[in-house]
Amino acid sequence: MKHPSYCCQKCGEQIGWLGRLLWFIHKCKRGGEAMKQEDAMPYFLCVMLGIIIGGLFGGCTGVSQMKQEAVREGPAEWVADASGMAQFKWKEAKP
Ligand SMILES: [Zn+2]
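Definitions and cut-offs
- Residues numbered from 1 in each chain as written.
- Predicted model: local features only at pLDDT ≥ 70, side-chain atom pairs only at ≥ 80, totals over all residues.
- Helix = DSSP H or I, 4+ residues; strand = E, 2+ residues; numbered from the N terminus.
- Buried ≥ 20, exposed ≤ 12 C-beta atoms within 10 Å, placed from the backbone.
- Contact = placed C-beta atoms within 7 Å.
- Pairing = 2+ DSSP bridges.
- pLDDT = per-residue confidence, 0-100.

## Regarding the overall build of the protein chain
For the protein chain, the count of helices and strands is two helices and two strands. Per-residue burial for the protein chain yields a buried fraction of 2% across its 95 residues. Counted over contacts in the protein chain with a minimum sequence separation of 6, partners at least 24 positions apart contribute 2%.

Shown next, in the form of structure tokens:
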């Protein structure tokens, strides 16, 4: 059975072009074997997003740890800027 292009090709429900594009938010009435592979896609995207976000946050944490380490070891310090926010600053090399 062929459904119009603006309808879900599986259940024939009118979901529109955006619905076809964002098929994963359409709760298909015909969730058969054929749907399973497609169903995995949003989860895959979520995992990818999680890895990317995790990587970004991990990177930030790594940098701030490095800064704290540098301050504790001596070559850098926290300096209050004009607005009173702590700014990371490398100490000038003493001659
Ligand atoms: Zn459907």
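Picking up where we left off.
## Some details on the pairing of strand β2 (residues 86–90)
In terms of burial, β2 is largely open, as just zero of its five residues are buried. One ladder, built from five bridges, connects strand β1 (residues 76–80) with β2; its direction is antiparallel. Counterpart to V79 in the pairing with β2 is Q87. The antiparallel hairpin formed by β1 and β2 contains five residues in its connecting segment, where G84 sits at a positive phi of about 85°.

## A word on the confidence of the model for the protein chain
In the predicted model, the protein chain carries a mean pLDDT of 79, and 85% of its residues have values of at least 70. Mean pLDDT in the protein chain bottoms out at helix α2 (residues 33–73), which sits at 77, and peaks at β1, which reaches 86.

## With respect to the environment of P42
Within the element layout of this structure, P42 appears in helix α2. The spatial distance from the C-alpha of P42 to the C-alpha of W23 is 10.0 Å, given a sequence separation of 19 residues.

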